[in-house]
Amino acid sequence: MKKGMVLVLALVMVLSMTVAGFAQGQAPFEATITITAEEDLRVEAGSALELTAKWETNRDVNREQWTIVNTPQGVSNIDGSEGTSYLTFDASELDAGYYDVSFRIWHHNQDRDASEAVEVEVFETTVTIYVEPMAAPSIAAKILQANGIQPRYGQGRHGGNFIADVAQTMGRQAAFMGVEKAVWSEDAEVYVANPDYWNTVLDFLNNHKAMKSDLFGDFDWYVNSLK
């Protein structure tokens with residue numbers, strides 16, 4: 001064998017051993033991912049929360065993806081060993097509860113993959129509404145209006161008025177069929193409308209001999225209409 005060929009073979013062997021040694025000595029892929037929000041990881045139902053994922057690796061990656069409760073939000077191309085990604089968590093149609101949100105980075109043809117997950121709380125704000133006490137005729141008027149029923153019924157002497165009938169049924173201090181119109185609220189430290197009083201008026205109207213419709217409009221309905 002010629003001397004020149006021997007030198008070339010020796011050089012190839014040295015380069016091969018160097019490359020193999022470098023590959024074997026390469027550190028394992030490592031990544032740090034931190035998911036944060038503007039404040040806490042919680043958002044009111046009907047609103048949105050901005051999430052941020054900051055990541056850093058010891059070797060480059062080229063893909064990223066957010067996932068919300070096992071629903072991928074789409075793959076984005078990236079290129080580097082660190083970066084920041086953003087996600088708008090939309091809670092406009094979500095019920096109160098906890099939702100898993102994860103962020104993943106990886107390389108499409110290398111063994112490099114890392115992910116991080118957090119729980120986002122969707123909460124509902126409780127609003128306490130205190131209804132001022134009102135007399136039975138006023139309650140009857142609101143119920144009739146909501147149902148599209150005119151107070152007057154019948155014709156001439158044989159007719160009458162639902163609201164007037166309610167007023168005539170009232171007792172002392174505006175009690176209606178023995179039910180007081182107000183109850184004391186310890187929280188508000190005032191007298192507030194008595195739900196039983198309101199519902200008694202509704203029952204009276206529904207049981208009236210001249211009422212031909214099944215009326216809605218209980219106390220809970222009225223409170224919800226104020227929200």
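Values in this document were obtained by computation on a predicted structure and should not be read as measured data. (Residues numbered from 1 in each chain as written. Predicted model: local features only at pLDDT ≥ 70, side-chain atom pairs only at ≥ 80, totals over all residues. Heavy atoms only, no water.)

1. What to know about the overall build of the chain
Now for step 1: A count of helical and extended segments in the chain gives 5 helices and 10 strands.
Now for step 2: Long-range contacts, defined here as pairs at least 24 residues apart, represent 58% of the contacts in the chain between residues at least 6 apart.
Now for step 3: Total accessible area computed for the chain in this model is approximately 15,000 Å², and 49% of it derives from carbon and sulfur atoms. (Helix = DSSP H or I, 4+ residues; strand = E, 2+ residues; numbered from the N terminus. Contact = heavy atoms within 4.5 Å. Areas by Shrake-Rupley, 256 points an atom, 1.4 Å probe, with all protein chains shown as cover.)

2. What about the packing of aromatic side chains?
Now for step 1: Counted by the stated rule, this structure contains 10 aromatic pairs.
Now for step 2: Aromatic pair tryptophan 66 and phenylalanine 103: ring centres 5.0 Å apart, planes at 50°, arrangement tilted. You can see tryptophan 66 sitting in strand β3 (residues 48-68) and its partner phenylalanine 103 sitting in strand β5 (residues 97-106), a full 37 residues away along the chain.
Now for step 3: Put simply, the rings of Trp198, Phe216, Phe219, Trp221 and Tyr222 pair up and form one aromatic cluster.
Now for step 4: The ring of phenylalanine 123 has arginine 42 lying over it, and the distance from NZ or CZ to the ring centre is 4.1 Å.
Now for step 5: Arginine 104 extends its terminal NZ or CZ atom over the ring of tryptophan 106, reaching a point 3.9 Å from the ring centre. (Phe/Tyr/Trp six-rings, centres within 6.5 Å; stacked < 30°, edge-to-face > 60°. Lys NZ or Arg CZ within 6 Å of the ring centre and 35° of its normal.)

3. A look at the pattern of salt bridges
Side-chain pairs of opposite charge can arise whenever the charged atoms involved come near each other.
Now for step 1: According to the stated counting rule, one finds 3 salt bridges in the structure shown.
Now for step 2: One salt bridge in this structure joins arginine 112 and aspartate 60, with 3.0 Å as the shortest N-O distance. One end of the pair, arginine 112, is in the loop between β5 and β6 (113-123); the other, aspartate 60, is in strand β3, and 52 residues separate them in sequence.
Now for step 3: Residue classification places arginine 112 among the buried positions, given a relative accessible area of 12%.
Now for step 4: Taking the relative accessible area as the measure of exposure, aspartate 60 reaches 32% and is therefore partly exposed. (Salt bridge = Lys/Arg side-chain N within 4 Å of Asp/Glu carboxyl O. Buried < 20%, exposed > 50% of the residue type's maximum accessible area, 1.4 Å probe, protein only.)

4. As for the side chain of threonine 57
Now for step 1: Locating threonine 57 in the fold gives a position in strand β3.
Now for step 2: You can call threonine 57 buried: its relative accessible area is 10%.
Now for step 3: Within the structure, the side chain of threonine 57 is placed 2.4 Å from the backbone oxygen of arginine 59, a separation counted as a polar contact.
Now for step 4: Residue contacts for threonine 57: discarding those within four places in its chain leaves Phe29, Glu30, Ala31, Gly80, Ser81 and Ile105. (Polar contact = N/O pair within 3.5 Å; in protein donor to acceptor, adjacent residues only side chain to side chain.)

5. Regarding the pairing of strand β9 (residues 182-185)
Now for step 1: By the bridge criterion, 4 bridges tie β9 to strand β10 (residues 190-193) in an arrangement that is antiparallel. In the strand pairing of β10, serine 185 is matched with valine 190.
Now for step 2: Linking β9 back to β10 in an antiparallel pair, the connection comprises 4 residues, with glutamate 189 at a positive phi of about 60°. (Pairing = 2+ DSSP bridges.)

6. Considerations on a negative patch on the surface
Now for step 1: Taken together, the side chains of Glu38, Glu39, Asp40 and Glu50 define an acidic patch exposed on the protein surface.
Now for step 2: Mapped onto the fold, glutamate 38 is located in the loop between β1 (31-37) and β2 (42-44).
Now for step 3: Owing to a relative accessible area of 66%, glutamate 38 belongs among the exposed residues under this scheme. (Patch = residues over 30% accessible without salt bridge, like charges linked within 9 Å, V, L, I, M, F, W, Y side chains within 5 Å. Lys, Arg positive; Asp, Glu negative; His and termini not counted. Charge placed at Lys NZ, Arg CZ, Asp CG, Glu CD.)

7. What to know about the packing of helix α2 (residues 136-147) against helix α4 (residues 195-206)
Now for step 1: Running from amino to carboxyl end, α2 crosses α4 at an angle of 60°, the nearest separation of the two axes being 10 Å. Our classification of the angle between α2 and α4 gives oblique. For α2 against α4, the interelement crossing comes out right-handed. Contacts from Ala136, Ile139, Ala140, Lys142, Ile143 and Leu144 of α2 reach α4 at Tyr197, Trp198, Val201, Leu202 and Leu205. (Axes fitted to C-alpha atoms, helices over the stretch in contact; angles between N-to-C directions. Parallel < 35°, antiparallel > 145°, perpendicular 65-115°, else oblique. Left-handed = near helix turned anticlockwise from the far one by under 90°.)

8. Section: the environment of asparagine 147
Now for step 1: By secondary structure assignment, the location of asparagine 147 is in helix α2.
Now for step 2: It is 7.0 Å that separates the C-alpha atoms of asparagine 147 and phenylalanine 216, two residues lying 69 residues apart in sequence.
Now for step 3: Within the structure, the side chain of asparagine 147 is placed 2.8 Å from the backbone oxygen of phenylalanine 216, a separation counted as a polar contact.

9. Quick look at the environment of isoleucine 163
Now for step 1: With respect to the helices and strands, isoleucine 163 occurs in helix α3 (residues 162-169).
Now for step 2: According to the relative accessible area criterion, isoleucine 163 is partly exposed, its value standing at 21%.
Now for step 3: When the C-alpha positions of isoleucine 163 and proline 137 are compared, they lie 5.4 Å apart, and in sequence the two are 26 residues distant.
Now for step 4: With residues near it in sequence (within four places) discarded, isoleucine 163 still touches Pro137, Ala140, Ala141, Leu144 and Pro151.

None of the figures reported here should be taken as evidence of function without further support.
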